[in-house]
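Listed below are the residues making up each chain.
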Amino acid sequence: MRRVLSASARGGGSDDERTSAGESRESRELRESRESLRTEFPFELPRGYVDDAGTVHRGGVMRLATARDELIPLRDDRVRENAAYLSVVLIARVVSRIGTVDDIHPGVIEDLFASDLAFLQDFYRRINAEGHTRAAVTCPSCQENFAVDLAGGGRPGES
């Protein structure tokens, strides 16, 4: 499910108020697409989820969290017994797909490699708290600092 809210849907006024008489439909659509709220972010797991058949799934989608997503796990008995389990339940709520697996539940997240869970925790923090998917990195060879987009799908060092 992908929801995109235009500026007018968010209370930004009607299109008639902001559109000049000479503005083309294409330029209005371009402006509206820039003003839309991105709610889903693709990612690629470092190692990948291995399903029961042995298939490795790496690409996936995470959506922005709602207040409900952060509150409901607090009622979960597993979280009450072990606070560290909160991230497993929370990540399971906001990841909508990993590869061809679209029934994401805590059991799927439990079966991820630790590096993939750490990646998803960092990805969650980036899109929900910082509002972007960029990460600052340093080249191990030349020590140059630069940013990579974690949602870009490419792997560091690949063109």
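Everything numeric in this text was worked out from a predicted model, so none of it was measured. (Residues numbered from 1 in each chain as written. Predicted model: local features only at pLDDT ≥ 70, side-chain atom pairs only at ≥ 80, totals over all residues. Heavy atoms only, no water.)

> Is there a simple way to explain the pattern of salt bridges in this structure?
Inspection of every chain in the model, using the stated rule, returns six salt bridges. Close ionic contact of Asp-69 with Arg-63 constitutes a salt bridge, the shortest N to O distance being 2.6 Å. For Arg-63, a relative accessible area of 23% gives the class partly exposed. When its relative accessible area of 2% is taken as the criterion, Asp-69 is described as buried. Overlapping salt bridges, with partners in common, bring together Arg-63, Asp-69 and Arg-93 in one network. (Salt bridge = Lys/Arg side-chain N within 4 Å of Asp/Glu carboxyl O. Buried < 20%, exposed > 50% of the residue type's maximum accessible area, 1.4 Å probe, protein only.)

> Sorry if this is basic, but what is going on with the packing of helix α5 (residues 86–94) against helix α7 (residues 114–130) here?
Each pair of packed helices can be described by the angle between their axes along with the distance between the axes. The geometry of α5 relative to α7 is characterised by a closest axis approach of 11 Å and an angle of 65° between their N-to-C directions. For the element pair α5 / α7, the angle class is roughly perpendicular. Considering the relative orientation of α5 and α7, their crossing is left-handed. Of the residues in α7, those in contact with Ser-87, Leu-90, Ile-91 and Val-94 of α5 are Leu-120, Gln-121 and Tyr-124. A class-by-class count of the residues in the contact of α5 with α7 yields five nonpolar, two polar and no charged. (Axes fitted to C-alpha atoms, helices over the stretch in contact; angles between N-to-C directions. Helix = DSSP H or I, 4+ residues; strand = E, 2+ residues; numbered from the N terminus. Parallel < 35°, antiparallel > 145°, perpendicular 65-115°, else oblique. Left-handed = near helix turned anticlockwise from the far one by under 90°. Contact = heavy atoms within 4.5 Å. Nonpolar A, V, L, I, M, F, W, Y, C, P; charged D, E, K, R; others polar.)

> Please explain the environment of Leu-64 as it appears in this structure.
Within the fold, Leu-64 resides in the loop between β2 (56–63) and α3 (67–71). With 63 residues separating them in the primary sequence, Leu-64 and Ile-127 have C-alpha atoms 6.9 Å apart. Residues in contact with Leu-64, not counting those within four places in the same chain, are Arg-38, Thr-39, Phe-41, Asp-69, Ile-127 and Asn-128.

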